[in-house]
Number of protein chains: 2
Amino acid sequence: MVPRLTTALKGPLLDLEQRILTAQPTIEHWFRTQWQEHTPPFYSSVDLRNSGFKLAPVDTNLFPGGFNNLNPEFIPLCVHAVQSAVEKICPEARGLLLVPENHTRNQFYLQNLEQLARILRQAGLNVRIGSLLPEITQPTTLELANGGSITLEPLVRKGNRLGVADFDPCVVLLNNDLSSGAPDILKDLEQTVLPPLLAGWYNRRKSGHFAAYREVSRQFAELLGIDPWMIDPYFAVCNQVNFHEKVGEECLSSQVDLVLTQIRAKYAEYGVKQDPFVIVKADAGTYGMGIMTVKDASEVRDLNRKQRNKMAVVKEGLQVSDVLVQEGVYSFEDLNEAVAEPVVYMIDRYVVGGFYRVHTDRGVDENLNAPGMRFSPLAFDSCCAFPNPDCAPDDTPNRFYAYGVVGRLAMLAASVELEEMHQ
Amino acid sequence: MVPRLTTALKGPLLDLEQRILTAQPTIEHWFRTQWQEHTPPFYSSVDLRNSGFKLAPVDTNLFPGGFNNLNPEFIPLCVHAVQSAVEKICPEARGLLLVPENHTRNQFYLQNLEQLARILRQAGLNVRIGSLLPEITQPTTLELANGGSITLEPLVRKGNRLGVADFDPCVVLLNNDLSSGAPDILKDLEQTVLPPLLAGWYNRRKSGHFAAYREVSRQFAELLGIDPWMIDPYFAVCNQVNFHEKVGEECLSSQVDLVLTQIRAKYAEYGVKQDPFVIVKADAGTYGMGIMTVKDASEVRDLNRKQRNKMAVVKEGLQVSDVLVQEGVYSFEDLNEAVAEPVVYMIDRYVVGGFYRVHTDRGVDENLNAPGMRFSPLAFDSCCAFPNPDCAPDDTPNRFYAYGVVGRLAMLAASVELEEMHQ
């Protein structure tokens, strides 16, 4: 069961997919040379949009949840990839401490955590889960709706080493995006921390990622002889916005206008009939909070109180001050009339699968990763790692290979982004 | 569908499987440290025997065929593993020249070749197949019974670079075991040749492999606190044997006696009721030619002409002069009354699957890889890469994990063996 593309306008994308297929050895070779220069993140997931005329990443997560949504058939790929990652990062590693989000009731998150811990264990690691929650003062086992269970333990820091009781790990793996800052207990550790603390959303900016992605996609587009716009969404940023105080609306409306103008020119060039739109969202943070779909600059002026409240706050009550204005890419994949958005998962430099977020109540121009949203996940039935040359360019394995390629481009951009943060 | 173990005497093996399961993080960590010291072969397959009381490799192939017998579900694992291998060996590689066996009619072999080429292509390599056969003077497409096809091309050597017309590869991959020597056209190439020429059967000796395996299994047994015999077959060698001239029979019978005595002592120690037996086979070569099952030293004295003829010659008519006397390990896995022998496949340091050779006409103490033998392959339904801690130690995924571990021990021994050949 695979969502179908509903747009009639598939010309440019079919051409893109055909070029990606034809150039596969060139592409894989190019990625190999990139990995000689850059270190991939331990893991990542990339939200894609496929509009039929454009295939682009719209968000890259360095602390991915949702491992429970992957196709169980491809778990061996995850295990291989973890083994490869661990070997490079810390060949001596046997003990891995997993530091999760502070959720103890979100079944979806907890099932992700259980699946992630299982993958790490199957790769031959001793895994313990150390919680940042102050109320976890002793090992606490949570029963899961799927019949599984996970045990959270209180973190124990001794000098500059972090662990849990009787467990001194070699590496600390964060599955917590640090939206509200890096806790002191995680700072200045002797052990390798992955991803590094500065990749947390308290520090990271989507605009930094997409600036790095712009350069990566420019090089890749040159390699393939395509317009980089086919894979790269326009964006602009406004800083020091305060929605409550109505500060920064001028910047927002002018940037919205700028980006809409850019998109309009491209739509004209390629004969796209749809209305251009942009997504206005917090430049830091995740969980799709503080997100607006905007088709005209006037919409971001004179926001009413409800709209301002919605935009002002993201996860953990954090105030938004940096705002990203990103080209909206239509989601023209649907499954039984429901909009379907692909998410590609990677561990180390390997694509290990993905799934669709399928939602019946949303439009093609709305964000599916919204608060309280209950998407149904549909696991990819292909691992996205390679194409099938015997199929048409837009047949499932080939469409998924293209997703895997664009996902890896975003992952490569994240590698560059992390290097720049370290400087 | 999985063969079942038919022996009642599973005590020691269950204990071994349990120890392997419990020690998984220790084992994976140990392998990681081994791969810091040693370079795994590009690919390998290992024939195992599971007697219920012993689980041991009996042959390690560095030019594996049979990729067509693997479970298609695990082909993505093969592709990942090839990507990882290529990255290490030759990150610049885009072009790979595959040099196959000189078979043009063996459908099984040709289907293997097609599958192998497909895996390499899916990993993003440009693959061409260059044949050593003098009659291949132009590109020759062979149609396969499965509907596929492969194209063999004449090798073209320019100076010290090997390729085919308009193709200058970065790496040469041999799928030809060089039984009759290293052809001049393959010698002193600038390009990396994998496996190295000296791994060919014209030079390699099973006894060299099993000597390396002895040391590897000793270390591994110490790690797990087991008797190394549980995973290591006894062996002895006679050189300068000439079956036609009846030269070397004394050596053979004394070595057979020695090995049988060693086995008898172990059988007594573990209460094994079966009769000890040894396999007498050529120390070089493959395809199970020149193989005898022997339960008493007298059987190798005064061989009749037919027996001598059978033992004297292996693949491509080569005379046998070095003979291996190897502890026989009973095959106590069966499927619908047929004997089933597992073969584990590895690419780089990764287990990528395997299959059973299933044969109805053979006994538990006979070799299933015999000339003209038509086994039916049964692909493993597990990838052997990791266990399932929720199952019993001898449940399928865990039995297969143990196979993957012992397969990797043999592969590690092959790495050491290749290093020693280079010295």
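Everything that follows concerns the structure shown earlier in this document.
Thresholds applied
Residues numbered from 1 in each chain as written. Chains lettered and ligands numbered in written order. Predicted model: local features only at pLDDT ≥ 70, side-chain atom pairs only at ≥ 80, totals over all residues. Heavy atoms only, no water. Pairing = 2+ DSSP bridges. Helix = DSSP H or I, 4+ residues; strand = E, 2+ residues; numbered from the N terminus. Axes fitted to C-alpha atoms, helices over the stretch in contact; angles between N-to-C directions. Contact = heavy atoms within 4.5 Å. Buried < 20%, exposed > 50% of the residue type's maximum accessible area, 1.4 Å probe, protein only. Expected span 1.5 Å × (residues − 1). Polar contact = N/O pair within 3.5 Å; in protein donor to acceptor, adjacent residues only side chain to side chain.

A. Examining the sheet that holds strand S12 (residues 235-238) of chain A more closely. Residues and elements named next belong to chain A. Read from one edge of the open sheet, 4 strands run S12-S15-S13-S14, paired in antiparallel fashion. The outermost strands of the open sheet, each flanked by one partner alone, are S12 and strand S14 (291-294). Pairwise comparison of adjacent strand axes, ignoring direction, gives a mean angle of 20° for this sheet. Packing of helix H5 (residues 206-224) onto the sheet brings it into contact with S12, strand S13 (278-282) and strand S15 (323-327), and relative to S12 it is tilted by some 150°. Of the strands in this sheet, S12, S13, S14 and S15 touch helix H6 (residues 249-270), which is tilted by about 175° from S12.

B. Local environment of the pairing of strand S10 (residues 171-175) of chain B. All names here are of chain B. With respect to burial, S10 is a largely interior element, 5 of its 5 residues being buried. The side-chain alternation of S10 yields two buried faces, one formed by Val171, Leu173 and Asn175 and the other by Val172 and Leu174. Pairing between strand S4 (residues 95-100) and S10: 5 bridges, direction parallel. Across the sheet, the residue bridging to Leu96 is Val171, located in S10. As defined by bridge partners, S10 adjoins strand S11 (residues 192-194) across 3 bridges and the pair is classed as parallel. Bridge pairing in S11 places Val171 opposite Thr192.

C. Here's a closer look at helix H4 (residues 107-122) of chain A. Residue and element names in this part refer to chain A. Its 16 residues give H4 an end-to-end C-alpha distance of 22 Å, which sits within 8% of 22 Å, the value for a rise of 1.5 Å per residue. The buried fraction of H4 amounts to 12 of the 16 residues, a majority that puts the element mostly inside the structure. Looking at H4, one finds that the buried residues are Tyr109, Leu110, Gln111, Asn112, Leu113, Glu114, Gln115, Leu116, Ala117, Ile119, Leu120 and Gln122. The backbone nitrogen of Phe108 has a side-chain oxygen 3.0 Å away, supplied by the residue at the start of H4, namely Asn106. Just downstream of H4, Gly124 is the residue with a positive phi angle, here 95°.

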